[in-house]
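The primary structure of each chain is shown beneath.
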Amino acid sequence: MTGSRRIDADFLALPRQELADAALSAAAQAGASYADLRIHAIATEMLQLRDGALEAAVTDHEIGLAVRVIVDGTWGFASHSQLDTAVAADTARRAVKVARTLAALNAERIELAPEPVYRDASWVSQYRIDPFDVAAPDKVAVLEDYSGRLLAADGVDHVSASLNTAKEQTFYADTFGSSITQQRVRVLPKLEAVTVDAAAGTFETMSTLAPPTGRGWEAVEGDEVWDWAGELAQLPSLLAEKSKAPSVIAGPTDLVIDPSNLWLTIHESIGHATEYDRAIGYEAAYAGTSFATPDKLGSMQYGSPVMNVTADRTLEYGLATVGFDDEGVRAQSWDLVRDGVFVGYQLDRVFAPRLGVSRSNGCSYADSAHHVPIQRMANVSLQPGPEDVSTDDLIGRVADGIYIVGDKSWSIDMQRYNFQFTGQRFFRIRDGKLDGQVRDVAYQATTTDFWGALDAVGGQSTWRLGGAFNCGKAQPGQVAAVSHGCPSALFRGITVLNTREEGGR
Amino acid sequence: MIGAQQVVDLALAEASRLGRADETTVLVSDRVEATLRWANNTMTTNGESTSRTTTVISIMRQGDKARVGTVRSSSADPAVIADLVAASQLAAAVAPQARDTAPPLPGGAAPADWDAPTPGTGAEVFLGVAGELARGFGGLSGGGGLSGGGGLSGIGATLFGYARHVVETTFVATSGGLRRRWTQPTGSVEINAKHDGASAWVGTSTPDFVSVPMDSMLDQLGTRLSWSRRIVELPAGRYETIMPPSTVADMMIYLAWTMGGRGAQEGRTALAAPGGGTRVGEKLTSLPLTLYSDPGASGLECAPFVSTSSSSEQTSVFDNGMTIDRVDWIREGVINALAYPRAAAAEFDTPVAAGADNLLMTGGSKSLQDMIAGTERGLLLTTLWYIREVDPSVLLLTGLTRDGVYLVEDGEVTAAVNNFRFNESPLDLVRRATQAGVSEFTLPREWGDWATRAQMPSLRIPDFHMSSVSQAQ
């Protein structure tokens, strides 16, 4: 449905419909009232350089088929790595057997929200250059070049460089009649410079801010998408300044947070908190629950009135952007927080009726053929303000504070209340102007206090898309890639810690 | 599927036929996983997965330099083997020189079980656990409790949790005739019980699900929930704290992951010493604490050889098949070893050290009960969660307490306390520990996805740093 990109011929050449027919009919014959088949292929490439020398390079191709069934109101799931019609039928029967074996443990009859049937649908993400069409040595050469630029600078003792790329292809078919084929690509380039003070036995680091993105190799190889030249040129002097910067004074502080840092705070304190499965306890023993429980939907003040947060599966270049989810539900966009009030959840086809809404908003995904789809995060983004407020304008409103750039350490509790984040660099703000870096900064808050202290958001011109490849959830553990857009934002009176003091130094 | 051994033979034969690589290493891993998950007293997800991963590593040598090409696939189609080998050789041909080049390891006789079929598992392995759970889901609030006597019966708790069983057989073969095989069973059961705002957790690792102590686990949950009948709110601060084995495991596992030799030599980890060099030889504590990994550790057996598809600070593809011995990372309170693949060991003139897939710490003899009894006023933790690195230069980690912080007064648990966010370094915890308990098998909570084989003592920390209060239950 999008652009000129087509799904790769080798994936299209798989006997998709034959495998679906074999699995779905075997499931029905074995007693399933519903079944779906997913063929899931993921190609990944990992390149790692240390001080410009190749440390690791691995290309991986994973493929398999998964069958999910409902038998007498109970889920059953089985998967296999062999794409063969006999294996597909057998895997379907195994899924039915799993459901029957464990049925005694099920107290909630599974019902699926209705969704239109999509026959022979296909979708491809928006990327220009397939990273798997680029020879590995060419990719390594770019990382060598970028590493070399940093290593050549004064004060840079070591450089780590990495590139992770992925191409994900799925074929989905269910007993309602949908059959959907999709392909998407993502890239994650990262460089980190290290300066070592050998005498003191200590060191300081700074990483590039280039975000992972649902684009192709074009986001890595040159300055078309990201200003690599500018970033690599500035990084050494920023690192040198940071290593000599004064240690921060802990206490309540006004913060202007750059999108390169704020995306991760949004991910942890809003993205996960508005997952319905967490809110009703499905992750209680592992990833955790959420303070944003269903009784608070539509009434809880999540943050200040300038806070508007949207979940979006259709966002251009978003890592969680897709045509349809792993339950055949078409991608959508919806509100999670409007004017500061909690108004929406992320849902799948089971959770929609439980919440009392008629349709899933399409958040069911698995990270491999060998994992069952679970409710996963859409691109959750903070909306910019209506006026053209720049980052400098926000800084101009602060008498004494800190401007935080780049993400680094993150941690949040199992109900999404208490969080602590650090960053790549921290600039002191004095009388509305930046006044050099400080170091050893962490900010710590409780989610609703933090968003309640949101004083202003930047305009559209400050809005940037950040994200991660490694969002973890569920048992067995699954990872997902997701993007978060946000403007620069001003928060008043947030607790800043001095991490040296936190460590007892 | 054809047998994994056949995949090995086909790949090595194809590598020889194409002839572009000087050496070829083939790794085949056959994995069967069964999982069962529950929440709110009902099953939520389940499944059985059968998968195979084949890795072909081609090495091309020029003098003492070498180039490497690594390609991995989970396709079970025998037709892809030739493609994999060709792709691997092509990747090696165009790769830059590897920095971790080491000579080939000698071949040897295949192990006696090389040709044996690979074992599996399935959802039926959970039937024993599931039976206990089903009764628990239905009968917790009335009579008919789970554990006969005390435990959870009558409390009316809601159960959440997860059981998994993975049986993975790994084959390592080189064109030089090296053959190694290992079957690794990995299993765990975790149960979280919630009642009236209180939350408690127990977990155990079990390689075979033969004798999972459901009765005593449920008893423990009942005891812990009963401790929560009195709640005491405490502010942030430094507290005398008893860290039980699971929490010690989570902190020590992070330390072990950081104990790469190269990074320390380069001055870019917390194991770098002031003035250059590493902290090996530094005495952390006068307690006789020894932190080690050992493939032969009783009850925690794991692969006694290296098997890796990618090189890192701690491991090298050139070392595939190399024997892993016991390594004492900390011996009698002194930092004793860092991880060095063969190439890095040669470069830095240090012993080769490869970590096994388990972690143990010894050095104390008191039971946890005795440690509680010997506490005038302090905190007893249950598990830690969301541990992340805040300052790598000192290995300062942050994280949360989870599912039970208890107040100990005059030698007894007297109440439950709110959760906290902590900021602590595992190195500093070892430095400041004043007492170690007896070493026990334990399930790390935070890192349990990757690390289930652990045996740890409890530690008494006189001034554990609770940085702030978490409202989470």
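These figures come from a predicted structure and were not determined experimentally.

1. A short note on the overall build of chain B
Within chain B one finds nine helices and 20 strands. In summary, chain B has a C-alpha radius of gyration of 24 Å against a globular reference of 23 Å for 473 residues, a match within 12%. Dimensions of chain B, computed from C-alpha atoms along their principal axes, come out at roughly 75 × 55 × 35 Å. Within chain B, the proportion of its 473 residues that are buried is 60%. Contacts in chain B between residues at least 24 apart in sequence constitute 72% of all its contacts with a sequence separation of at least 6.

2. Digging into the overall build of chain A
When you go through chain A residue by residue, the secondary structure sums to twelve helices and 22 strands. For chain A, the spread of C-alpha atoms along the principal axes amounts to about 70 × 55 × 45 Å. A total of 505 residues make up chain A; the buried ones form 60% of that total. Look at the contacts in chain A between residues 6 or more apart in sequence, and 76% of them connect residues 24 or more apart.

3. Considerations on the pairing of strand 18 (residues 441–446) of chain A
Residue and element names in this part refer to chain A. Counting buried positions along strand 18 yields six of six residues, so the element is predominantly enclosed. Burial along strand 18 is two-sided: the residues Val-441, Tyr-443 and Ala-445 and Ala-442, Gln-444 and Thr-446 are all buried. Two elements, strand 16 (residues 418–430) and strand 18, share four bridges in a ladder whose sense is antiparallel. From the neighbouring strand, Asn-418 faces strand 18, where its bridge partner is Thr-446. Note that strand 18 and strand 22 (residues 489–498) share four bridges and pair antiparallel. Pairing of Ala-442 across the sheet is with Leu-497, part of strand 22.

4. Observations regarding the sheet that holds strand 9 (residues 309–312) of chain A
Residues and elements named next belong to chain A. Spatially, four strands are ordered 11-10-9-14 in an open sheet, and the strand pairing comes out antiparallel. Looking along the sheet, the strands with just one partner apiece sit at the ends: strand 11 (341–342) and strand 14 (379–382). Note: strand 9 against strand 14, four bridges, orientation antiparallel. Bridging from a neighbouring strand, Ala-311 pairs with Val-380 of strand 14. In this fold helix 7 (residues 259–271) packs onto strand 9, strand 10 (333–338) and strand 14, with an angle of close to 110° to the strand it touches most, strand 14.

5. Things to note about the packing of helix 1 (residues 4–18) of chain B against helix 2 (residues 80–94) of chain B
Residues and elements named next belong to chain B. It is at 9 Å that the axes of helix 1 and helix 2 come closest, and there the two elements cross at 50°. The angle between helix 1 and helix 2 falls in the class oblique. Judged by the twist between their axes, the crossing of helix 1 over helix 2 is right-handed. Residue-level inspection shows Val-7, Leu-10, Ala-11, Glu-14, Ala-15 and Leu-18 of helix 1 in contact with helix 2, the latter providing Ile-81, Ala-82, Leu-84, Val-85, Ala-86 and Gln-89. Taken together, the residues of the contact of helix 1 with helix 2 break down into ten nonpolar, one polar and one charged.

6. Some details on the sheet that holds strand 19 (residues 454–456) of chain B
Residue and element names in this part refer to chain B. If you trace the six strands from one edge of the open sheet to the other, you get 11-10-9-12-19-18, paired in mixed fashion. Edge positions in the open sheet fall to strand 11 (334–335) and strand 18 (440–442), since each of these has one partner strand only. Two strands pair when backbone bridges link them, and strand 12 (residues 359–362) and strand 19 are joined in this way by two bridges, in the parallel orientation. Directly across from Leu-359, in strand 19, lies its bridge partner Ala-454.

7. Details of unusual backbone geometry
Geometrically, the link from A:Gln475 to A:Pro476 is a cis peptide bond, its omega value of -5° lying close to zero. With respect to the helices, strands and loops of the structure, A:Pro476 is situated in the loop between strand 20 (464–473) and strand 21 (478–486). Even without being a glycine, A:Asp120 presents a positive backbone phi close to 55°. Here A:Asp120 shows up in the loop between helix 3 (85–102) and strand 4 (121–124). The exposed category is assigned to A:Asp120, around which 9 C-beta atoms lie within 10 Å. The backbone of B:Glu332 shows a phi angle near 50°, a positive value even though the residue is not glycine. As for its position among the elements, B:Glu332 is in the loop between strand 10 (327–331) and strand 11. Residue classification places B:Glu332 among the partly exposed positions, given that 15 C-beta atoms sit within 10 Å.

8. Looking at the environment of A:Gly271
Residue and element names in this part refer to chain A. Checked against the element boundaries, Gly-271 lands in helix 7. Between the alpha carbons of Gly-271 and Leu-49 there is a distance of 32 Å; along the sequence they are 222 residues apart. Contact partners of Gly-271, with chain neighbours within four places excluded, come to Ile-266, Met-377, Val-380 and His-484.

9. Regarding the packing of helix 4 (residues 136–151) of chain A against helix 6 (residues 228–244) of chain A
Residues and elements named next belong to chain A. One way to put it is that helix 4 packs onto helix 6 with a least axis distance of 8 Å and a crossing angle of 30°. Classified by the angle between their axes, helix 4 and helix 6 sit roughly parallel to one another. Between helix 4 and helix 6 lies a crossing of right-handed hand. Contacts from Tyr-146, Arg-149 and Leu-150 of helix 4 reach helix 6 at Trp-228, Leu-232, Leu-235 and Pro-236. Residue composition of the contact of helix 4 with helix 6, by class: six nonpolar, no polar and one charged.

10. So, the interface of chain B and chain A
On the side of chain A, 72 residues touch chain B, which itself brings 85 residues to the contact. Broken down by element, the side of chain B that touches chain A gets its largest block of residues, eleven residues, from strand 2 (residues 42–62) of chain B. Its residues assigned to classes, the side of chain B that touches chain A comprises 29 nonpolar, 36 polar and 20 charged. Strand direction decides the pairing type here: strand 3 (residues 74–80) of chain A and strand 2 of chain B, joined by three bridges, are parallel. Among the inter-strand pairings, A:Ala78 is bridged to a residue of strand 2 of chain B, identified as B:Glu48.

11. Observations concerning the environment of B:Gly131
All names here are of chain B. Structurally, Gly-131 is set in helix 3 (residues 127–139). Classification of Gly-131 by C-beta neighbours within 10 Å gives partly exposed; the count is 13. In sequence terms Gly-131 and Asp-403 are 272 residues apart; their C-alpha atoms lie 25 Å from each other.

12. Brief notes about helix 3 of chain A
Over its 18 residues, helix 3 of chain A extends 26 Å from the first C-alpha to the last, a length consistent with the 26 Å expected when each residue adds 1.5 Å. For helix 3 of chain A, a buried count of 13 out of 18 residues is recorded, marking the element as mostly surrounded by other parts of the structure.

13. Notes on helix 6 of chain A
Residues and elements named next belong to chain A. With 17 residues, helix 6 extends 25 Å from end C-alpha to end C-alpha; this agrees with the ideal 24 Å at 1.5 Å per step. The sharpest bend along helix 6 reaches about 30° and sits at Leu-235, with the proline Pro-236 one to four residues further on. Looking at helix 6, one finds that the buried residues are Trp-228, Leu-232, Leu-235, Pro-236 and Leu-239. Packing partners of the buried residues in helix 6 comprise helix 4, strand 6 (179–197) and strand 7 (202–207).

Conventions adopted
- Residues numbered from 1 in each chain as written.
- Chains lettered and ligands numbered in written order.
- Predicted model: local features only at pLDDT ≥ 70, side-chain atom pairs only at ≥ 80, totals over all residues.
- Helix = DSSP H or I, 4+ residues; strand = E, 2+ residues; numbered from the N terminus.
- Rg over C-alpha atoms; globule rule 2.2 N^0.38 Å.
- Buried ≥ 20, exposed ≤ 12 C-beta atoms within 10 Å, placed from the backbone.
- Contact = placed C-beta atoms within 7 Å.
- Pairing = 2+ DSSP bridges.
- Axes fitted to C-alpha atoms, helices over the stretch in contact; angles between N-to-C directions.
- Parallel < 35°, antiparallel > 145°, perpendicular 65-115°, else oblique.
- Left-handed = near helix turned anticlockwise from the far one by under 90°.
- Nonpolar A, V, L, I, M, F, W, Y, C, P; charged D, E, K, R; others polar.
- Expected span 1.5 Å × (residues − 1).
- Bend = angle between axes of the 7 residues up to and from the residue.

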